[in-house]
Each structure stands twice: as structure tokens, then as C-alpha cells.
Amino acid sequence: MSENKALGTRPPEFERFLYAPVGEDRNGYVVTVLSALARLGLDPWNETAELVKLRREEACARLEILLSKFRDVPELKQDHNAVAQELSLLLPESPRVTPLTRVSSTVANGRLVSSGAIWTILAIVFVLIQMLFINSPGSDE
């Protein structure tokens, strides 16, 4: 059950990057970014999330370093730089978070909730409490 929950939290916009091929291994099988990162002992989804947070050039440099360590695809020995550049273009754009954005939102249950939604809920609760006290017996005194 927790596995299904974990699968549901994976951003679908990462799939284009993670399922992109990096080349063929020695057995002739196509190796994807997801497989390459997993074979390096990294969590592909977490690593992609970290790459997305970086500027494009920084993500490309980090990806180049990771691919240079990956030995299962022989052609990556010479081409890891070019492959990293191509793959970095498949990373989704990271929404730039400004300090104001951080202040005006909070995290609840793993989802981002805006402060406007919180204020709306609080206003509804306040109105309901007032209605209870105004309509309660003994308030006519």
C-alpha cells in the first residue's frame, strides 16, 4: 500500500527525462536515465528532483559527472558530455521560488497549500462558530 502511495507522488513531468535513452549496454539493451541512475545506486526520482532545482548549466554539469561514472554503456566514455547536454534539455523547467512565494505558502500533507486557502478555511470556521453562539439557547437575554 505504501508503494502505491509512493508511486503516486512521482511527478509525471520527470518521465520524459527519466525514460530517455543514454545508449546501449554491452548486451545490446537500451539503457535509460532511470536505469543508469539506479545502477549508480541513486534514487532516479530524487536525483531528477535535485537536477530540476539547478540552473540548466549546473544540471548539465552534474549529469555529466554522473554519466562519466556509469561504465555499463561503453559509448558514454567519450560522449558523456554530449549526452548530458542533450538529456539536460529534457528536464522540466523548475518554477523559480521567490522569498515572497515561500512566505505565502505552507506544506500540508506533502502538498503545497497557499495562504489564501488557509485564510478561507479559517474564515469559514470563524463564521460557523459565530453562528453556533448566536443561535444557541439563552442568547436572547
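Right above here is the structure, for reference.
Scoring rules and cut-offs
Residues numbered from 1 in each chain as written. Predicted model: local features only at pLDDT ≥ 70, side-chain atom pairs only at ≥ 80, totals over all residues. Heavy atoms only, no water. Helix = DSSP H or I, 4+ residues; strand = E, 2+ residues; numbered from the N terminus. Buried < 20%, exposed > 50% of the residue type's maximum accessible area, 1.4 Å probe, protein only. Contact = heavy atoms within 4.5 Å. Areas by Shrake-Rupley, 256 points an atom, 1.4 Å probe, with all protein chains shown as cover. Axes fitted to C-alpha atoms, helices over the stretch in contact; angles between N-to-C directions. Left-handed = near helix turned anticlockwise from the far one by under 90°. Nonpolar A, V, L, I, M, F, W, Y, C, P; charged D, E, K, R; others polar. Pairing = 2+ DSSP bridges. Salt bridge = Lys/Arg side-chain N within 4 Å of Asp/Glu carboxyl O. Phe/Tyr/Trp six-rings, centres within 6.5 Å; stacked < 30°, edge-to-face > 60°.

Q: Got a sec to walk through the overall build of the chain? Specific residues and values, please.
A: Within the chain one finds eight helices and four strands. Counting from the amino terminus, helix and strand elements in the chain follow one another as α-α-β-β-α-α-α-α-α-β-β-α. Burial status across the chain gives 24% buried among its 141 residues. Counting only contacts in the chain whose residues sit at least 6 apart along the sequence, the fraction spanning at least 24 positions is 55%. When the accessible surface of the chain is totalled, it reaches about 10,300 Å², and 59% of it is carbon and sulfur.

Q: I'd like to hear about the packing of helix 5 (residues 56–69) against helix 6 (residues 76–88), residue by residue, with values.
A: Contact pair helix 5 / helix 6: the axes reach a minimum separation of 8 Å and the direction vectors enclose 150°. Between helix 5 and helix 6 the crossing geometry is right-handed. Taken together, the residues of helix 6 that come into contact with helix 5 (itself represented by Arg-56, Cys-60, Leu-63, Glu-64, Leu-67 and Ser-68) are Leu-76, His-80, Asn-81, Val-83, Ala-84, Gln-85, Leu-87 and Ser-88. Taken together, the residues of the contact of helix 5 with helix 6 break down into seven nonpolar, five polar and two charged.

Q: Before we move on, can you summarise the pairing of strand 1 (residues 21–24) with the specific residues and values?
A: Pairing analysis gives three bridges linking strand 1 to strand 2 (residues 30–32), with the strands arranged antiparallel. If you follow Gly-23 over to strand 2, its bridge partner there is Val-31. The antiparallel pairing of strand 1 with strand 2 creates a hairpin that spans five residues between the two strands, and Gly-28 there sits at a positive phi of about 90°.

Q: Can you lay out the pattern of salt bridges for me, pointing to particular residues and giving the numbers?
A: Using the criterion set out here, one finds seven salt bridges in the structure. Close ionic contact of Arg-62 with Glu-47 constitutes a salt bridge, the shortest N to O distance being 2.8 Å. Of the two residues, Arg-62 sits in helix 5 while Glu-47 sits in helix 4 (residues 44–53), which places them 15 residues apart along the sequence. Relative accessible area serves as the criterion here: at 31%, Arg-62 is assigned to the partly exposed category. As a salt-bridge pair, Glu-58 and Arg-55 come within 3.6 Å of each other at their nearest N and O atoms.

Q: So what's going on with the environment of Asn-27? Residues and values would help.
A: One can find Asn-27 in the loop between strand 1 and strand 2. A relative accessible area of 63% means that Asn-27 is categorised as exposed. Note: C-alpha distance between Asn-27 and Val-73 (46 residues apart in sequence) is 9.5 Å.

Q: Before we move on, can you summarise the packing of aromatic side chains with the specific residues and values?
A: For the coordinates displayed, the defined rule picks out one aromatic pair. Their ring planes at 20° and their centres at 6.4 Å tell us that Phe-14 and Trp-45 sit as a pair that is stacked. With Phe-14 in the loop between helix 1 (2–8) and helix 2 (15–18) and Trp-45 in helix 4, the pair connects residues that are 31 residues apart, well separated along the chain. Of the two residues, Phe-14 and Trp-45, both sit in the buried class.

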